[in-house]
Amino acid sequence: MNLDFSVVTQSLPYLWKGMQYTLQLTVTAALGGLFFGTLLALARLSPIKWLSNLAAAYVNLMRSVPLVLVIFWFFFLVPLILQSVTGAERPPQVGAERTALITFILFEAAYFCEIMRAGIQSIPKGQVNAAYALGLNYRQTMMQIVLPQAFRNMLPVLLTQTIILFQDTSLVYVISATDFVGAAAKVAQRDSRLVEMYLFVALVFFLICWSLSYLVKRLQRKIAIVR
Amino acid sequence: MNYNWNWGVFFQETPEGGTQYWQLLWDGLLWTLGVSAVSWLIAMVLGAIIGTIRTTDHAWLVRLGNGWVELFRNIPLLVQMFLWYFVVPEFIPPLKRWMIATDPIYAQFLAAVLCLGLFTSARIAEQVRAGIQSLPRGQRNAGLAIGLTQPQVYRYVLLPMAFRIIIPPLTSETMNLIKNSSIALTIGLAELTFRSREIGEYTFNFFEAFTAATLIYVVIAMTANRVMAFVERRVGVPGYIGGR
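Residues numbered from 1 in each chain as written. Chains lettered and ligands numbered in written order. Predicted model: local features only at pLDDT ≥ 70, side-chain atom pairs only at ≥ 80, totals over all residues.

Draft legend 1. Broad picture of the overall build of chain B. Along its length, chain B carries 10 helices and zero strands. When its helices and strands are written in sequence order, chain B yields α-α-α-α-α-α-α-α-α-α. Expressed along its principal axes, the backbone C-alpha trace of chain B runs to roughly 70 × 50 × 30 Å. When each of the 244 residues of chain B is scored for burial, the buried share is 39%. (Helix = DSSP H or I, 4+ residues; strand = E, 2+ residues; numbered from the N terminus. Buried ≥ 20, exposed ≤ 12 C-beta atoms within 10 Å, placed from the backbone.)

Draft legend 2. Geometry of the overall build of chain A. What chain A contains, in helices and strands, is nine helices and zero strands. Ordering the α and β elements of chain A from the N terminus gives α-α-α-α-α-α-α-α-α. Along the first, second and third principal axes, the C-alpha set of chain A runs to 70 × 55 × 25 Å. The buried share of chain A, reckoned over its 227 residues, is 38%. For chain A, the proportion of contacts with a sequence separation of at least 24, taken over those separated by at least 6, is 75%. (Contact = placed C-beta atoms within 7 Å.)

Draft legend 3. Region of interest: unusual backbone geometry. Residues other than glycine seldom take positive phi values, yet Ser-192 of chain A does so here, at roughly 50°. Position of Ser-192 of chain A among the secondary structure elements: in the loop between helix H8 (180-191) and helix H9 (194-223). Its 9 C-beta neighbours within 10 Å are what place Ser-192 of chain A among the exposed residues. Of note in the backbone geometry, Phe-204 of chain B takes a positive phi value of approximately 65° without being a glycine. Along the polypeptide, Phe-204 of chain B turns up in the loop between helix H9 (192-203) and helix H10 (206-235). Residue Phe-204 of chain B is classed as partly exposed on the basis of its C-beta count, with 14 C-beta atoms lying within 10 Å.

Draft legend 4. Broad picture of the nonpolar core. Formed by 120 residues in total, the largest nonpolar core has its most connected members in Ile-71, Ala-184, Met-197, Tyr-198 and Val-201 of chain A together with Val-79 of chain B. By residue number, the principal contributor to this core is helix H5 (residues 104-133) of chain B, which donates 13 residues. Those residues in contact with Val-201 of chain A that sit more than four places away from it in its chain are Phe-180, Val-181 and Ala-184 of chain A together with Val-79 of chain B. (Core = buried A, V, L, I, M, F, W, Y, C linked by C-beta atoms within 7 Å.)

Draft legend 5. Spotlight on the packing of H9 of chain A against helix H3 (residues 77-91) of chain B. Orientation of H9 of chain A relative to H3 of chain B, taken along the N-to-C sense of each, is 140°, at an axis distance of 9 Å. It follows from the interaxial angle that H9 of chain A and H3 of chain B lie oblique. As for the relative orientation of H9 of chain A and H3 of chain B, their crossing is left-handed in sense. Facing H9 of chain A, whose interface residues are Leu-194, Val-195, Tyr-198, Leu-199, Val-201, Ala-202 and Phe-205 of chain A, H3 of chain B presents Val-79, Phe-82, Leu-83, Phe-86, Val-87 and Glu-90 of chain B. Here the contact of H9 of chain A with H3 of chain B is built from residues that sort into 12 nonpolar, no polar and one charged. (Axes fitted to C-alpha atoms, helices over the stretch in contact; angles between N-to-C directions. Parallel < 35°, antiparallel > 145°, perpendicular 65-115°, else oblique. Left-handed = near helix turned anticlockwise from the far one by under 90°. Nonpolar A, V, L, I, M, F, W, Y, C, P; charged D, E, K, R; others polar.)

Draft legend 6. Up close: the interface of chain B and chain A. Listed as interface residues are 27 residues of chain B and, on the opposing side, 28 residues of chain A. Of all elements in the fold, only H3, H9 and H10 of chain B reach the threshold of two or more residues within the side of chain B that touches chain A. In terms of residue class, the side of chain B that touches chain A is built from 18 nonpolar, five polar and four charged.

Draft legend 7. Here's a closer look at helix H3 (residues 49-64) of chain A. Over its 16 residues, H3 of chain A extends 22 Å from the first C-alpha to the last, a length consistent with the 22 Å expected when each residue adds 1.5 Å. Looking at H3 of chain A, one finds that the buried residues are Ala-55, Val-59 and Ser-64 of chain A. Along the axis of H3 of chain A, the buried residues cluster in a sector spanning 150°; they form a single face. More than 90 degrees from the buried face of H3 of chain A, the exposed residues found are Lys-49, Trp-50 and Ala-57 of chain A. Elements that come into contact with the buried residues of H3 of chain A comprise helix H2 (12-44) and helix H5 (96-121) of chain A together with H10 of chain B. (Expected span 1.5 Å × (residues − 1). Arc of directions from axis to C-beta.)

Draft legend 8. Summary view of the environment of Leu-194 of chain A. Relative to the assigned elements, Leu-194 of chain A resides in helix H9. The exposure class of Leu-194 of chain A is buried, given the 20 C-beta atoms found within 10 Å. As for Leu-194 of chain A and Ala-184 of chain A, which are separated by 10 residues in sequence, their C-alpha atoms are 8.7 Å apart. Residue contacts for Leu-194 of chain A: discarding those within four places in its chain leaves Ala-188 of chain A together with Phe-86 and Val-87 of chain B.

The structure is reproduced here in structure tokens:
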């Protein structure tokens, strides 16, 4: 067989567009997932029984279903939900790219919830008691005492989860969104150059993820709190 | 929402005739379990070996193990699936010839099993290494002191302990493996998720089809959880948290 990598260099601008979407999806899902995940974690740890049960049920459901199936679910549900919210006559065209954004935020929230829950639970109880003794309310205690420390303790885990998320975004391929892998697959099939394209994609992902996890490891050593 | 509910869809005949839609789901479930079981075996065997060699004092073995883990951990599973199905056969002509000649389902099964097995082996290797390294140094030294060789120390002292300690993370890796097997649908393997979407496309009853698949996945996850909790209770190391 003869390999011809010119297909890669010729399609670089198109691949870069796909990569931009991949990065956008990763960052948005990570930030959105972290926000909703923290809220979910607070709900799970709440003394209000129905609230914590509801949050636990959501997290457990999301974590026991494959991401591919979750993507299919939302691809089918999002237009229907938007239709019932806006009262439109036909389901609105949302597009694979925007559906993927919503899906990943809600899916990652379940995983970030578990990380933040572990982070919150790792804070000594004395901190919370001390905050209450100073007269802070729940909101102030969480915002100013507990969450900043939980976030700092969990930063390496959160970043590692974001690297996994970066890899998982490739699954938007199943709804034909044009992310990095989607773009590569389209070029590969058009030009019948699957070998070159997929080898290139694998190499790019490997270099990015490998160097990012190396940086996370270094960060972990640097910010480790001396106890 | 204007949606035509039809929970009876599973007992309708498929366009091919002779079969009902629930049989498609059942068929898909069997493929999901089959792919998961075979990949699990590959992953456990390779993971145990790779994890073990990463704790030896041979520098090149450690490097080989680390390289293995980094390689499979830093490429998305979807891309690995494409590599095994589309790229690897191009470099092995006899394999390519077999893949063209045989029923595609066997080629898809082989690629999926290799992909998931090796991917998961890297994750299990990481757990095995952590398990071995969590044991007190005295265990290895005591083993060597009573005259066991290095392989015997691993076989009779370290690995039996390590595997009992890492059962909880192995449980979640097993569940991840079952969920990850759905990615095999991208190379056309008709497993559970593939079948539920197929039913949705044939009948437009996406909601019912996805609900059925979701319930099946939840049941699998809960069953795996119960089984492993039982194993954990049976083999827990006395004296450790979670042991008897």
